[in-house]
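If you want the building blocks of each chain, they are given just below.
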Amino acid sequence: MTVVEGMPPTTVTLRRNFWRGVGRVMRRKPSRMVGVGIVLVFVFMGIFGPLLYPNPLPRDDNALYASPSWAHPFGTDFEGTDVLALVVTGTRYVLLAGLTTAVITVALGTVIGLLAGFHRGRWDTVLMRLTDLQLTIPGLPLLLVLSTVWKFTSPIEMGVVLGLLGWGGIARAVRSQSLSLRERGFIEAAKGLGLSTRHIIGRELLPSMAPYIAMNMLIAVTGAIYAQVGLFFLGVLPFDANNWGVMLNLSVFGGGALSSTAALPYLLAPLLAILLLTLGIVLVVDAMDEIFNPRLREE
Amino acid sequence: MTRTSAPGVRVDDLTVVYKTPAGELPALGGVSLSLAPGTITGIVGESGSGKSTLALSLLNAVQSPGRIKNGTVEIDGLGNIVELKGEDLRKARGRQVGYVFQAAQNSLNPLKTVGKQLLDLGRSHDFDDLPALLKDARSLLGRMGLDGGRVLDSYQHELSGGMRQRVGIMLALVLNAHLVVLDEPTTALDMITQAAILRIVREVHHERGLTTLIVTHDMGVAAEVTDSLAVMYGGRVVEHGPTTEVLGAPRHPYTKGLIRAIPRLSGDIDGATALPGRPPTLGTIPLQGCVFRERCPMRIAVCDTVDPVPVTRDARTVACHAVGRLATPVVPKEYA
Amino acid sequence: MITASGITKTYKQRGNMLGARAVPALRGVDFTIPKGGAVTFIGESGCGKTTLGRIVAGLETYDSGDIVIDGTPMSTLKHRHRQPFFRRIQLIHQDPYSALNPTRTIHQTLAAPLALRAKQTGRDSAWMDERARELLALVGIDPGYVLPRYPHQLSGGMRQRVVIARALTVDPEVLVADESVSMIDVSLRLGVLSLLKDLRERLDVSVLFITHDIATARYIGGDGELYVIYRGMVVESGPTESVISGPVHPYTQALLSAIPVLHGVELPGPDRVVPTEALDESHADSGCLFARRCPFVTAECEAAVPALVSDGAQAHACYHPQRRSVIPVEALA
C-alpha cells in the first residue's frame, strides 16, 4: 500500500499504481507469466513474422514433405516450403481476424447490453429482441453462403463477419450484469447526486464490469481463431490467404497426414500453434479478476 | 451415550490461528472460559473480536485457513472435542452439540421441504425411529408458536425470517442435544420478532435443561436472555461474570465504554458517548501488550508490553492491568 | 421544507396467470420535514418505511399524493424536471459497503459530484480539491489518509462517513438515513450517529431517519417528530420524546416493549405489550390493520379502519387509545 500523504492522487499516479498492481498480479502465479510470454511471442510473430521471410516463401522442389531437420524444424509442405515459416507468416491473419472479431463482439455486446440493462423499459425490449434475432442466425450456413460470393482475403473482413455473428451472448450477459449492478447503492447514489448518465455508465458501471468484459473479449478471440481456422480447414473459403487452417486442410486432404507419417509435422505445426495460443490466452484470463479488482490487486 | 442433563463446558487456553500471506495470525489468543451447566452464557464482541471463532471451536469446526493451535475444549460427557476426529466428531455435532448458524434464515436448502431436511438429518445420525423424530420436531415447532405440520411441508421461501430462525433452533434441538450454540440468532430480524425469538430461547432452555451459548454483537440481546456474560475484544475474553453485574457495574474499560455507547430510551440523550478509535482486525491485533490499549482511557505503561492475565475475584473475571492495580495487586493466574 | 401528503404506493407482485397481486406498500402517508428538523419513521421491515425514504429521495415513484419541495409541488413538474429538486434530498444507504464504488478511490468518488457543482457555480478544480478536504474534515476523517484510498481499505464507520461526505457535496437540505448505522460495529455506531446530529446543528440540514431501532432515533431526533408506521399506514405520531415515554397505540407499545432491557441497569416497563401473532401481510385490510395481532382488540376494530386523530400533541389511529408505560426504567435512579 502506498500512502500518498497530503496530496490527492492525480490520474498519472493512479495509472502508475494500476500498472504496478497488474505487475504484482501477474507475478503472483508463474503460469500467468508463461501465458503473457506465449501471447507476446505470437504478437511478435504477427507483427514482424512476414518481415522475416521473403515473399513469396522459397520452395525447395527437392524436399517435398521433408522430415524435421535443423533447416526445417517442422519439415516442409507439398511444395517444399518450410512449415515453420508458414506458421509464422500465417499468424498475422489469424491474430488480426481474431482481434477484429473480439473488438466487434465486445463493443457491440457491451454497448447494447449496457443500454438495455441500464435503461430497461422500451430500450430493453427493442435491444433484446435484436439480440435474440442475432442469436438465432445460424452462423455456419450463413458463412457457407457468404463464401460463395466473398473471398475473405482480408483478415479484417473475416473478423467483421465473425464479430457481427457473435455479439449476442455478450450482450445478454452484460445486460444481466448491469441489471444487478444498477440496484447497487453506488449507482443509486450517483443518480441521486444528479450525475450524467454518461458518467454513470462509463465511470461507475463499466469499470465494475471490466474483468467480465475483458474475460469475454479474450474468450471471443479464442472462439474467433477456432472459427476461422475451422472455415479454412473445411475448405469453405478459398486458399488465397495464408492461414493455419489452410495448412491443416492441405495436410489432411492433400498430404494424407491422417494415414501417412510424411505429412504429420505439417499437420502438427499449425495444431500446436493453435493450442499454444489458446493456452496463452487462457492463462492470462485467469488474472483478469484480480487485475480489475483493486482489493485483489493489492494483497 | 446421550446425556439427559445439561453439560458443563470448559475452554482452556484456546488459541486459534488463521493462515494469511503475512503468516499465522491469532484470532483467539489463549482464551479460557467456562460455561456452567444449565446456564445461558452470552458472548458479546464486535467484528474481529473472535466471538464466532470461539463458538465454532465448541464444535471443533474452525474452517481452513484457520486451525486450533493450542488449548482444550472439555465438554461433559464428550471429553476434549479438539481431539475428536472423523465420524466421532460428526456424530457429536447435532447429537450433543446443537448449532444455530449465523443467518440461519439462509442456511436451509431451498430445494427441499423442511421435513425432508429433517429426515436427512435423522438418517445421517442413524436415527431408527424417524416418525418419532418428526413428532418431536412438530411438538418443538408447536412449542415455538408455529404450526408444525405446515412448517415441515414448507420450502424455505414460504417461511418468514422469524419462522426460519425457529426452524434453525428446532433443527439444533431435535436430536436431543443439551449444549446449544446460537450464533447471532436475531440479526436481520425485527424488534418484535427478535423479542419473540429471545423469549422462546429462554423458555426452551429451561424446559429442556440445556446449556446455551449465545454469540452476539448486540449488548441488548445478551442482556435480555443471558445469565452470564463474556465480553470479547481482539481475540481475548476481557471480562466475564453474571450478566446483571457486568452490565450494572462493568470493570473493564472496554465494557464500560461499550455500555456507555448504547443510546437509551430514557434519561439524558447526550449521556451516550462514543468509544474512540476502532476495533482491531486480524492483521492489526497487537502481538504484544494489551489488545485494547490504543482505545483505553486507563492506559498505563505496563499495558504496552504485558498482555494482562485474566483475574477472577468474587465470580467475576477481568483482564486489565489498571483494574487490578486499583483493587488488589495483580494476582498471577495460579492463585486465582 | 418538504411536505408530503397522501403518498400511496402499490407494488404489483407477479402472480399466477390469472393476474398480479397488488401489495400496498404505502397507504396515504402525510408528513412535513421542517428546515433543520428531524423526522423519524419507525416500524418493522416490510412496513413501507424504506419505500417512503426512497420516494422522498426521488429514487422511486409514487402512485398518488404529492410531495412539495420548497413550495413547488412535484406533481406540476415533468419527470425530468424533478431531479434538481430531489437532489436537495440525499439518501444515506444502509450498507456502506455497496454504497461506494469498489473500483474508484475516495478522491474519484467525491470528485464527480463536486465537478458537477463546480460547473454549476463557475468554480475551478482547486475549489473542488479544497471542498473535498473540507467535507471529509467535517465528517471527522483525515482527508490525507482517505482520499487516495479505495473503499475496501476503510473501516465500516469511515465508509459511512465518506458516504455522508459525498451526500454533502451537493449541499442538500435533507439527509435521508435509512438504517444508516445498522451494519456498523457497535463501538463505532454512536460516532456516526453523533455526526448526523452534529450536521443538523452546524449545516442546518434536516434528517429523515428511518429505523427499527428507536433508541438511535431518539439520539438523533429527540427534539423532532416521530412517526410509527405499520403496513404502510401511520398509526401514531407526535414529538419523539412524548411518543416514546407515553405511547397510546398498541402497536407502538408492542414495538417499544420489544426493546431488550439492559438488566442490571434497567428494569422492564410495567405494562409491556406483546402482540398475539406474528406479522402477516395477508391479514385482512378491512378494519384496523393491527387488529389481528392486538391484545386489546374488540369487534369495533375489525369493522372499519380507524382514522389518525390528534389529541393535541400526539396523533393516533386507534379506537381504544390508552397510555401505557412500556419502556425500561432506570434501575439505579
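The structure presented is a predicted model; accordingly, all values stated were derived computationally and were not measured.

Asks: Which parts of the structure should I look at to understand the overall build of chain B?
Replies: In terms of regular secondary structure, chain B is built from eleven helices and twelve strands. Against the 2.2 N^0.38 benchmark of 20 Å for 336 residues, chain B shows a C-alpha radius of gyration of 21 Å, consistent with a compact globule. Seen along its three principal axes, the alpha-carbon backbone of chain B occupies a region of about 65 × 50 × 40 Å. In chain B, the share of contacts with a sequence separation of at least 24, taken over all contacts with a separation of at least 6, comes to 65%. Counting only carbon and sulfur atoms, one obtains 54% of the accessible surface of chain B, whose full area is about 14100 Å². In chain B, 36 positive and 34 negative side-chain charges are present, and the distance between their average locations comes to 2 Å.

Asks: What is the right way to look at helix 2 (residues 86–95) of chain B in this model?
Replies: For helix 2 of chain B, the set of buried residues is B:L89, B:A92 and B:G94. Summarising the contacts, the buried residues of helix 2 of chain B are in contact with strand 6 (97–100) and helix 6 (161–173) of chain B.

Asks: Where do I start with the packing of helix 2 (residues 30–52) of chain A against helix 3 (residues 83–119) of chain A in this structure?
Replies: The relative placement of two packed helices comes down to the angle between their axes together with the axis-to-axis distance. Residue and element names in this part refer to chain A. Contact geometry of helix 2 with helix 3 gives a least axis separation of 7 Å together with a crossing angle of 110°. Between helix 2 and helix 3, the angle falls in the class roughly perpendicular. The chirality of how helix 2 crosses helix 3 is left-handed. Residues F42, V43, M45, G46, I47, G49 and P50 of helix 2 form the contact with helix 3, whose participating residues are V88, T89, T91, R92 and L95. Along the lines of polarity and charge, the residues of the contact of helix 2 with helix 3 split into seven nonpolar, four polar and one charged.

Asks: It is not clear to me how the interface of chain A and chain C should be interpreted in this structure. Could you clarify?
Replies: Size of an interface, as often reported, equals the accessible area lost when the parts are brought together. Contact with chain A, which involves 29 residues of that partner, is made by 32 residues of chain C. For the chain A and chain C pair, buried surface summed over both sides reaches about 2600 Å², with 57% attributable to carbon and sulfur atoms. In this assembly, chain A and chain C are joined by two salt bridges. Between C:R54 and A:E188 there is a salt bridge, with its nearest N and O atoms 2.6 Å apart. Where chain A meets chain C, there are eight residue pairs in polar contact (both at pLDDT 80 or more). Here the element with the most residues in the side of chain A that touches chain C is helix 8 (residues 185–192) of chain A; it accounts for six residues. Counted by class, the side of chain A that touches chain C contains 14 nonpolar, six polar and nine charged residues.

Asks: What is the right way to read the domain arrangement of chain B from this model?
Replies: Residue and element names in this part refer to chain B. Domain parsing of chain B yields domain 1 (9–96 + 177–335) and domain 2 (104–176). A straight line from the C-alpha centre of domain 1 to that of domain 2 covers 29 Å. Area buried by domain 1 at its contact with domain 2 is led by R95, I200 and R208, which between them contribute 30% of it. On inspection of domain 1 and its partner domain 2, the count reaches three salt bridges. The salt bridge involving D126 is made with K91; its shortest N-O contact spans 3.3 Å. Seen at the junction of domain 1 and domain 2, the total is ten residue pairs in polar contact (both at pLDDT 80 or more). Of the residues that constitute the side of domain 1 that touches domain 2, the class distribution is eleven nonpolar, four polar and seven charged.

Asks: Sorry, what's going on with the arrangement of the chains here?
Replies: Ranking the two pairs of chains in contact by number of contacts places chains B and C first. Where chain A comes nearest to chain B, the C-alpha atoms are still 8 Å apart, and the two do not contact one another.

Asks: Just checking my understanding: could you explain the side chain of B:T216 for this structure?
Replies: Residues and elements named next belong to chain B. With respect to the helices and strands, T216 occurs in strand 8 (residues 211–216). Among the residues examined, T216 registers a relative accessible area of 2% and is labelled buried. Side-chain polar atoms of T216 contact the backbone nitrogen of D218, separated by 2.9 Å.

Asks: Just to check I follow, could you spell out the pattern of salt bridges for this structure?
Replies: A side chain of one charge can pair with a side chain of the opposite charge when the charged atoms of the two come close. Counted under the stated rule, the structure contains 41 salt bridges over all chains. With a closest N to O distance of 2.9 Å, C:E60 and C:R54 form a salt bridge. No difference in accessibility class separates C:E60 from C:R54, as the two residues are buried. Between C:R117 and C:D171 there is a salt bridge, with the nearest N and O atoms lying 3.1 Å from each other. Of this pair, C:R117 sits in helix 3 (residues 106–121) while C:D171 sits in the loop between helix 6 (156–168) and strand 7 (174–178); the two residues are 54 residues apart in sequence, bridging distant segments of the chain. The exposure class assigned to C:D171 is partly exposed, which follows from its relative accessible area of 38%. Salt bridges sharing common partners tie together A:R28, A:K29, A:R32, A:D286 and A:E290.

Asks: What is the right way to read unusual backbone geometry from this model?
Replies: Glycine aside, negative phi is the norm for most residues, and most peptide bonds take the trans geometry. Residue and element names in this part refer to chain B. Omega for the peptide link from S64 to P65 comes to 10°, which places this bond in the cis form. You will see that D13, though not glycine, has its phi angle at about 50°, which is positive. In this structure, D13 sits in strand 1 (residues 9–20). Given a relative accessible area of 32%, D13 falls into the partly exposed group. Residues other than glycine seldom take positive phi values, yet N176 does so here, at roughly 70°.

Asks: Is there a simple way to think about a nonpolar patch on the surface in this case?
Replies: A cluster of nonpolar side chains, A:V43, A:F44, A:I47, A:F48, A:L51 and A:L52, forms an exposed patch at the surface whose accessible area comes to about 590 Å². Considering the arrangement of structural elements, one finds A:L52 in helix 2.

Asks: I tried to follow the interface of chain B and chain C on my own but got confused; where do I start?
Replies: Counting residues at the interface gives 38 residues for chain B, matched by 45 residues for chain C. For the pair chain B and chain C, the summed buried area comes to about 3500 Å², and 60% of that belongs to carbon and sulfur atoms. Linking chain B to chain C there are three salt bridges. Across the pair C:K197 and B:D270 runs a salt bridge whose closest N-O atoms are separated by 2.6 Å. The tally of links between chain B and chain C comes to ten residue pairs in polar contact (both at pLDDT 80 or more). For the side of chain B that touches chain C, the secondary structure elements donating two or more residues are helix 7 (191–208), helix 8 (219–225) and helix 9 (243–248) of chain B. Its residues assigned to classes, the side of chain B that touches chain C comprises 18 nonpolar, eleven polar and nine charged.

Asks: Looking at this model, I keep getting lost on the pairing of strand 4 (residues 66–75) of chain B. Mind explaining?
Replies: Residue and element names in this part refer to chain B. Here strand 1 runs beside strand 4; their pairing, made up of eight bridges, is antiparallel. Paired with V16 across the two strands is I68, which belongs to strand 4. Summarising the sheet, strand 4 and strand 5 (residues 79–80) pair through two bridges and their orientation is antiparallel. Residue E74 lies in a different strand from strand 5, and its bridge partner there is N80. Hairpin geometry of strand 4 and strand 5 is characterised by an intervening segment of three residues between the two adjacent antiparallel strands and by a positive phi of about 85° at G77.

Asks: Even after reading the chapter, I still don't get the side chain of A:T105, so can you show me in this structure?
Replies: Along the chain, A:T105 falls in helix 3. A polar atom in the side chain of A:T105 sits 3.0 Å from the backbone oxygen of A:A102.

Asks: How should the sheet that holds strand 7 of chain C be read in this particular structure?
Replies: Strand pairing within a sheet occurs via backbone hydrogen bonds; the two strands may be parallel or antiparallel. Residue and element names in this part refer to chain C. Taken in spatial order, the eight strands make up an open sheet running 6-7-8-3-9-10-13-12, and their pairing is mixed. Bordering the open sheet on either side are strand 6 (89–92) and strand 12 (309–310), each of which pairs with just one other strand. Pairing of strand 10 (residues 233–239) with strand 13 (residues 315–316), which is carried by two bridges, proceeds in the antiparallel orientation. In the strand pairing of strand 13, E236 is matched with H316. With respect to the sheet, helix 7 (residues 186–203) is in contact with strand 3 (38–42), strand 7 and strand 8 (206–211), its orientation differing from that of strand 8 by roughly 150°.

Asks: Where do I start with the confidence of the model for chain B in this structure?
Replies: One rule of thumb: low pLDDT means the predicted coordinates there are not for detailed reading. Put simply, chain B has an average pLDDT of 86, and 94% of its residues get 70 or more. Scored below 50 in pLDDT, residues 326–336 of chain B makes eight contacts in the model with residues more than four places away or belonging to other chains.

Asks: It is not clear to me how a negative patch on the surface should be interpreted in this structure. Could you clarify?
Replies: Together, B:D12, B:D13, B:E74 and B:E83 line one region of the surface with negative charge. Within the fold, B:E74 resides in strand 4.

Asks: Would you take a moment to explain the environment of C:E277 for this structure?
Replies: Residue and element names in this part refer to chain C. You can see E277 is positioned in the loop between strand 11 (266–267) and helix 11 (299–303). E277 gets classed as partly exposed once you look at its relative accessible area, which sits at 34%. Every residue in contact with E277, bar those within four places of it in the chain, is listed here: H283, R292 and R293.

Asks: Sorry, what's going on with the packing of aromatic side chains here?
Replies: Aromatic ring pairs are reported here in terms of the distance separating the ring centres and the angle at which the planes meet. With the rule as written, the count across this model stands at 13 aromatic pairs over all chains. One aromatic cluster is present, formed by B:Y233, B:Y254 and B:F292 through successive ring pairs. Across the ring face of C:Y145, the terminal group of C:R149 is positioned such that the distance to the ring centre comes to 4.0 Å. Across the ring face of C:Y219, the terminal group of C:K197 is positioned such that the distance to the ring centre comes to 4.2 Å.

Here is what the cut-offs are and how they apply
- Residues numbered from 1 in each chain as written.
- Chains lettered and ligands numbered in written order.
- Predicted model: local features only at pLDDT ≥ 70, side-chain atom pairs only at ≥ 80, totals over all residues.
- Heavy atoms only, no water.
- Helix = DSSP H or I, 4+ residues; strand = E, 2+ residues; numbered from the N terminus.
- Rg over C-alpha atoms; globule rule 2.2 N^0.38 Å.
- Contact = heavy atoms within 4.5 Å.
- Areas by Shrake-Rupley, 256 points an atom, 1.4 Å probe, with all protein chains shown as cover.
- Lys, Arg positive; Asp, Glu negative; His and termini not counted.
- Charge placed at Lys NZ, Arg CZ, Asp CG, Glu CD.
- Buried < 20%, exposed > 50% of the residue type's maximum accessible area, 1.4 Å probe, protein only.
- Axes fitted to C-alpha atoms, helices over the stretch in contact; angles between N-to-C directions.
- Parallel < 35°, antiparallel > 145°, perpendicular 65-115°, else oblique.
- Left-handed = near helix turned anticlockwise from the far one by under 90°.
- Nonpolar A, V, L, I, M, F, W, Y, C, P; charged D, E, K, R; others polar.
- Buried area = accessible area lost by both parts, 1.4 Å probe.
- Salt bridge = Lys/Arg side-chain N within 4 Å of Asp/Glu carboxyl O.
- Polar contact = N/O pair within 3.5 Å; in protein donor to acceptor, adjacent residues only side chain to side chain.
- Domains from an automatic or database assignment.
- Patch = residues over 30% accessible without salt bridge, like charges linked within 9 Å, V, L, I, M, F, W, Y side chains within 5 Å.
- Pairing = 2+ DSSP bridges.
- pLDDT = per-residue confidence, 0-100.
- Phe/Tyr/Trp six-rings, centres within 6.5 Å; stacked < 30°, edge-to-face > 60°.
- Lys NZ or Arg CZ within 6 Å of the ring centre and 35° of its normal.

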